[in-house]
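Okay, here's what each chain looks like letter by letter:
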Amino acid sequence: TANIPVVAVDEKPESGNGKLATYIATDSVKAADALCTWMFKQIGNKGEIGILHGVLGATAERQRTQGCQKALKRTKGIKVVAEATANWDETQAYKAAQNMLQGHPKIKAIFGESDAMGLGAAKAARDAKRKIIAVGIDGFPTMVAAIRKGLTQATQAQIPYVMGQMAVKNALAFA
């Protein structure tokens, strides 16, 4: 082996024999659990929802799915009627949410596993003249602006600049 320290940020390598020097990430399980719990309360802890997944198998996708599943187990009145993979992309989320809303007219909320996907879902609902709760995770300025305008309802902040700073500090320390 080359004994090169590897600093992973946000995405944890799932294969290979190397050992990580450090892994820096948001607690996506906790963030998604809290966000889904909040979203469920907004719709009275009952009704139909949709879920937009990020890139399948990505660390954040798996953890955000796990977090929402934890909230679902505690909230028996919520039924997931539609799920789609939108790969963290707003345009893909828009199209997937259009299909969800057409196929399931009683959907009250859509959980986007990223802000881009939450925005896509909110825009699809707006264009379909449907009132839903649309949320995402990342804390992007575009999502915060959409919340202020009333287009979307919530986000969980991930602070990538701080994560990047931590990664550089750790890399320099290992060097």
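The text that follows walks through the structure, step by step, so that each part is easy to find. (Residues numbered from 1 in each chain as written. Predicted model: local features only at pLDDT ≥ 70, side-chain atom pairs only at ≥ 80, totals over all residues. Heavy atoms only, no water.)

Turning next to the overall build of the protein chain. In terms of regular secondary structure, the protein chain is built from six helices and seven strands. Reading the protein chain from its N end, one meets helices and strands in the order β-β-α-β-α-β-α-β-α-β-α-β-α. Put simply, the protein chain has 175 residues, and 42% of those count as buried. Accessible surface, the protein chain as shown: approximately 9500 Å² in total, 55% of it carbon and sulfur. (Helix = DSSP H or I, 4+ residues; strand = E, 2+ residues; numbered from the N terminus. Buried < 20%, exposed > 50% of the residue type's maximum accessible area, 1.4 Å probe, protein only. Areas by Shrake-Rupley, 256 points an atom, 1.4 Å probe, with all protein chains shown as cover.)

For the rest of this paragraph, the subject is the state of the cysteines. Tallying each qualifying case throughout the model produces one disulfide. Two residues, cysteine 36 and cysteine 68, share a disulfide whose sulfurs are 2.3 Å apart. Residues cysteine 36 and cysteine 68 share a disulfide whose torsion about the S-S bond is about -105°; that sign makes it left-handed. Of this pair, cysteine 36 sits in helix H1 (residues 28–42) while cysteine 68 sits in helix H2 (residues 59–74); the two residues are 32 residues apart in sequence, bridging distant segments of the chain. For cysteine 36, a relative accessible area of 0% corresponds to the buried category. Overall, the relative accessible area of 1% leaves cysteine 68 in the buried class. (Disulfide = S-S within 2.5 Å.)

On to the nonpolar core. With 19 residues, the main nonpolar core has Met39, Phe40, Ile49, Cys68, Leu72, Phe111 and Val135 as its most contacted residues. Here this core gets six residues from one element, more than from any other, and that element is H1. Setting aside chain neighbours within four positions, we find phenylalanine 40 in contact with Asn45, Ile49, Cys68, Ala71, Leu72, Thr75 and Ile78. Formed by 18 residues, the second largest nonpolar core is a distinct cluster that contains Ala86, Met100, Ala121 and Ile132. (Core = buried A, V, L, I, M, F, W, Y, C linked by side-chain atoms within 4.5 Å. Contact = heavy atoms within 4.5 Å.)

Strand order in the open sheet made by the five strands is S4-S3-S5-S6-S7, with parallel pairing throughout. At either end of the open sheet lies a strand with only one pairing partner, and these are strand S4 (78–85) and strand S7 (154–157). When strand polarity is set aside, the average angle formed by the axes of neighbouring strands in this sheet is 15°. As paired strands, strand S3 (residues 47–53) and S4 are joined by seven bridges and run parallel to one another. Bridged to isoleucine 51 within S4 is glutamate 83. (Pairing = 2+ DSSP bridges. Axes fitted to C-alpha atoms, helices over the stretch in contact; angles between N-to-C directions.)

One way to put it is that H1 packs onto H2 with a least axis distance of 7 Å and a crossing angle of 40°. Classified by the angle their axes make, H1 and H2 are oblique. The handedness of the crossing between H1 and H2 comes out as right-handed. From H1, Ser28, Val29, Ala32, Asp33, Cys36, Thr37 and Phe40 reach across to H2, where they touch Ala60, Gln63, Arg64, Gln66, Gly67, Cys68, Lys70, Ala71, Leu72 and Arg74. Taken together, the residues of the contact of H1 with H2 break down into eight nonpolar, five polar and four charged. (Parallel < 35°, antiparallel > 145°, perpendicular 65-115°, else oblique. Left-handed = near helix turned anticlockwise from the far one by under 90°. Nonpolar A, V, L, I, M, F, W, Y, C, P; charged D, E, K, R; others polar.)

In this section: the packing of helix H4 (residues 115–127) against helix H5 (residues 141–149). Look at H4 against H5: their axes get within 9 Å of each other, and the N-to-C directions meet at 35°. Here H4 and H5 pass one another in a crossing that is left-handed. From H4, Asp115, Gly118 and Leu119 reach across to H5, where they touch Thr142, Met143 and Ala146. Each residue belonging to the contact of H4 with H5 can be placed in one class, and the counts come to three nonpolar, two polar and one charged.

Let us now look at the environment of glycine 118. With respect to the element layout, glycine 118 can be found in helix H4. In this structure, the C-alpha to C-alpha distance between glycine 118 and glycine 136, residues 18 residues apart in sequence, is 4.7 Å. Residues contacting glycine 118, with those up to four places away along its chain left out, are Gly112, Ala134, Val135, Met143 and Thr152.

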